[in-house]
Amino acid sequence: MVDYVDKILKSPNAPMQIRALQEAILLENNKRQEFREWVTPSMKAEFINGSIVMHSPVKRKHWKVTNLLSRLMSTYVSFYQLGEVGVEKIMISLTRNDYEPDLVFFSKEKSDEFREDQLLFPAPDLVVEILSRKTATIDKGLKMIDYAAHGISEYWIIDSDRQTVAQHYLVDPKDTEYFPAKVLTKYDMIASRVIKGFEIPVFAIFEDEANLEAMNKLMKSI
């Protein structure tokens, strides 16, 4: 970013470039506000870099993964009063973009500040995205960059076809890029770095019986 600013400032028409950028950002902000007034709870839509991105209905394998993971995570987080887990229609508002991740976790410190009628939420502590053919490029690219830049400490990218989880995380809270992902298979255990003590077999995200076994172990530990 510093290099980009220096490049503009070295240009003789720097004021014109800056003015054009300011006008473009103003127009985008107006469009973003219109998006927020237009979108409804029944829609799956996001505002990304000035454009409205509509999402198709998900396949069964997608919502099954969401349900299995959220069941384990929500039970654990709720019992230990660690915060809140949100699924599907939680819109997080970052500096430029509005996203609706598949699953999010907010620490108790953040969630205690939420109002009952709140619609837009700050950057979570953990985000989970489940890949689809249409979203894979954004999930692995722009979103990863944006989530890291806004201090989202942990980011899981789940591939339901390969039954893997790519676990990204910030080594230091001041970092703006994720540490190279550790890709876990169904034979591995995954331990959250932000939800203290939450550790499950990856297979429990994809298979009902393994999910029930993981739930039983979590309940025993509780």
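Our subject in this report is the structure included herewith. No experiment lies behind these values; they were computed from the predicted model shown.

**Section: the packing of aromatic side chains**
Describing an aromatic ring pair means giving the distance of the ring centres and the angle of the ring planes. Enumeration over the complete set of coordinates arrives at twelve aromatic pairs. Relative to Tyr 80, the ring of Tyr 76 lies with its centre 4.9 Å away and its plane at 50°, an arrangement referred to as tilted. Through pairs of rings, three or more aromatic residues link up here, namely Tyr 76, Phe 79, Tyr 80 and Phe 198. The ring of Tyr 169 carries Arg 193 above its face, with NZ or CZ at 3.7 Å from the centroid.

**Some thoughts on the pattern of salt bridges**
According to the stated counting rule, one finds 14 salt bridges in the structure shown. Note that Glu 100 is salt-bridged to Lys 89, the shortest N-O span being 3.1 Å. Of the two residues, Glu 100 sits in the loop between β5 (98–99) and β6 (103–107) while Lys 89 sits in the loop between β3 (83–87) and β4 (91–93), which places them eleven residues apart along the sequence. Overall, Glu 100 belongs to the buried group, its relative accessible area being 4%. Note that Lys 110 and Asp 125 form a salt bridge whose closest N and O atoms lie 3.6 Å from each other. Here Lys 110, found in helix α4 (residues 108–111), pairs with Asp 125, found in the loop between β7 (120–121) and β8 (126–130); they are 15 residues apart in sequence, far enough to count as distant. Exposure remark for Lys 110: the relative accessible area of 28% places this residue in the partly exposed category.

**A few points about the packing of helix α3 (residues 60–79) against helix α7 (residues 208–221)**
Viewed as axis vectors pointing N to C, α3 and α7 meet at an angle of 5°, and their least axial separation amounts to 10 Å. By the criterion of interaxial angle, the relationship of α3 to α7 is roughly parallel. Of α7, the residues touching α3 (which contributes Lys 64, Leu 68, Arg 71, Leu 72, Thr 75 and Tyr 76) are Asp 208, Asn 211, Ala 214, Met 215, Leu 218 and Met 219.

**Focus on the environment of Phe 35**
Its place among the elements puts Phe 35 in helix α2 (residues 14–38). Counting along the chain gives eleven residues from Phe 35 to Glu 46, while the straight-line C-alpha distance between them is 8.7 Å. Phe 35 has contacts with Ala 45, Glu 46, Phe 47, Ile 52, Met 91 and Asp 98, leaving out every residue within four places of it along the chain.

What counts, and at which threshold
- Residues numbered from 1 in each chain as written.
- Predicted model: local features only at pLDDT ≥ 70, side-chain atom pairs only at ≥ 80, totals over all residues.
- Heavy atoms only, no water.
- Phe/Tyr/Trp six-rings, centres within 6.5 Å; stacked < 30°, edge-to-face > 60°.
- Lys NZ or Arg CZ within 6 Å of the ring centre and 35° of its normal.
- Salt bridge = Lys/Arg side-chain N within 4 Å of Asp/Glu carboxyl O.
- Helix = DSSP H or I, 4+ residues; strand = E, 2+ residues; numbered from the N terminus.
- Buried < 20%, exposed > 50% of the residue type's maximum accessible area, 1.4 Å probe, protein only.
- Axes fitted to C-alpha atoms, helices over the stretch in contact; angles between N-to-C directions.
- Parallel < 35°, antiparallel > 145°, perpendicular 65-115°, else oblique.
- Contact = heavy atoms within 4.5 Å.

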